[in-house]
Amino acid sequence: MDEDTANDDRSITVTRVIEAPPSRVYEAFVDPDELATWLPPEGFSAEVHEFDATEGETFRMSFNADTEALESYASTFHGTYQELSPGERIVYTEEFESDDPGMAGEMTTTITFEAVPDGTKVTAQQTGIPVNIPPENASEGWDDSLGNLAELVEGA
């Protein structure tokens, strides 16, 4: 069962059960090549510029539009890993690299991995979403990403 919640306080929570063990799902979050494969939502591809999945270290990525119609939504962002608990939890902050004040601010993303009979319940909670991004769009993006993640790790 998938659950999505968009809150008025610029935060969302998206949940999906993925048919793979927590250790495998976690690995897809901390491997830059795998992350670039599954994280971009539909219509985008990712480029990893910097990546060090160590607590206190940073990453920098771009989502590039696959079509001209989506070009205005392409973005580059960077962040810092706050917590990395293998197979259990990841917490990181991120900011968009944009001059647009509506894209300013630091978001915090918390990913939890819970072993369930069918695999792993992955919950992505994002807070501090910039005002120019409707929370429902962020929720849809995470739905796409977690679907891509499932395709990558299920049965692999």
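Structure shown above.
Below is a summary of the structure that appears in this document. What you are looking at is a predicted structure, and each value in this text was computed from that prediction instead of being measured.

## A few points about the packing of helix α1 (residues 22–30) against helix α3 (residues 135–153)
How two helices pack is summed up by the angle between their axes together with the distance between the axes.
Next, step 1: At a minimum axis separation of 10 Å, α1 and α3 run at an interaxial angle of 115°. Like other packed secondary-structure pairs, α1 and α3 cross with a definite hand, here right-handed. Residues Arg24, Val25, Ala28 and Phe29 of α1 form the contact with α3, whose participating residues are Leu149, Leu152 and Val153.

## Some thoughts on the nonpolar core
Next, step 1: One finds Val25, Phe29, Ile90, Ile111, Trp142 and Leu149 to be the most contacted residues of the largest nonpolar core, which totals 37 residues.
Next, step 2: Other than its neighbours up to four places away in sequence, Ile90 contacts Tyr26, Phe29, Val30, Tyr81, Glu83, Leu84, Thr109, Thr110, Ile111 and Phe113.

## Comments concerning the side chain of Thr123
Next, step 1: Mapping Thr123 onto the fold places it in strand β8 (residues 119–127).
Next, step 2: For Thr123, a relative accessible area of 18% corresponds to the buried category.
Next, step 3: For Thr123, the side chain forms a polar contact with the side chain of Thr15, separated by 3.4 Å.
Next, step 4: Excluding its chain neighbours within four sequence positions, the residues that come into contact with Thr123 are Thr13, Val14, Thr15, Thr110, Ile111 and Thr112.

## Details of empty space enclosed by the protein
Next, step 1: Counted according to the given criterion, the structure contains 1 cavity of 30 Å³ or more.
Next, step 2: Each pocket or cavity is described by its volume, and for the largest cavity that value is around 90 Å³.
Next, step 3: Looking at the largest cavity, the residues that line it are Phe29, Leu35, Leu39, Phe59, Met61, Phe77, Tyr81, Ile90, Tyr92 and Glu94.
Next, step 4: Those elements that provide at least two residues to the lining of the largest cavity are β4 (58–65), β5 (75–85) and β6 (89–96).
Next, step 5: The leading source of residues in the lining of the largest cavity is β6, at 3 residues.
Next, step 6: Split by residue class, the lining of the largest cavity holds 9 nonpolar, no polar and 1 charged.

## Structural notes on a negative patch on the surface
Next, step 1: On the surface, a cluster of negative charge is made up of Glu19, Asp118, Glu151 and Glu154.
Next, step 2: Mapped onto the fold, Glu151 is located in helix α3.

## Some thoughts on the packing of aromatic side chains
Next, step 1: A complete count under the given rule lists 9 aromatic pairs for this structure.
Next, step 2: Note on Phe77 and Phe96: the rings are 6.2 Å apart at their centroids and 65° apart in plane angle, and the pair reads as edge-to-face. Here Phe96 lies in strand β6 and Phe77 lies in strand β5, a separation of 19 residues in the sequence.
Next, step 3: Among the aromatic residues, those joined into a cluster by ring pairs are Tyr26, Phe29, Trp38 and Phe113.

The rules behind the values
- Residues numbered from 1 in each chain as written.
- Predicted model: local features only at pLDDT ≥ 70, side-chain atom pairs only at ≥ 80, totals over all residues.
- Heavy atoms only, no water.
- Axes fitted to C-alpha atoms, helices over the stretch in contact; angles between N-to-C directions.
- Helix = DSSP H or I, 4+ residues; strand = E, 2+ residues; numbered from the N terminus.
- Left-handed = near helix turned anticlockwise from the far one by under 90°.
- Contact = heavy atoms within 4.5 Å.
- Core = buried A, V, L, I, M, F, W, Y, C linked by side-chain atoms within 4.5 Å.
- Buried < 20%, exposed > 50% of the residue type's maximum accessible area, 1.4 Å probe, protein only.
- Polar contact = N/O pair within 3.5 Å; in protein donor to acceptor, adjacent residues only side chain to side chain.
- 1 Å grid on protein atoms, 1.4 Å probe; cavity = no way out; pocket = protein on both sides within 12 Å on 5 of 7 lines; lining within 4 Å.
- Points joined across faces, edges and corners; volume = space filled by probe spheres on them.
- Nonpolar A, V, L, I, M, F, W, Y, C, P; charged D, E, K, R; others polar.
- Patch = residues over 30% accessible without salt bridge, like charges linked within 9 Å, V, L, I, M, F, W, Y side chains within 5 Å.
- Areas by Shrake-Rupley, 256 points an atom, 1.4 Å probe, with all protein chains shown as cover.
- Salt bridge = Lys/Arg side-chain N within 4 Å of Asp/Glu carboxyl O.
- Lys, Arg positive; Asp, Glu negative; His and termini not counted.
- Charge placed at Lys NZ, Arg CZ, Asp CG, Glu CD.
- Phe/Tyr/Trp six-rings, centres within 6.5 Å; stacked < 30°, edge-to-face > 60°.

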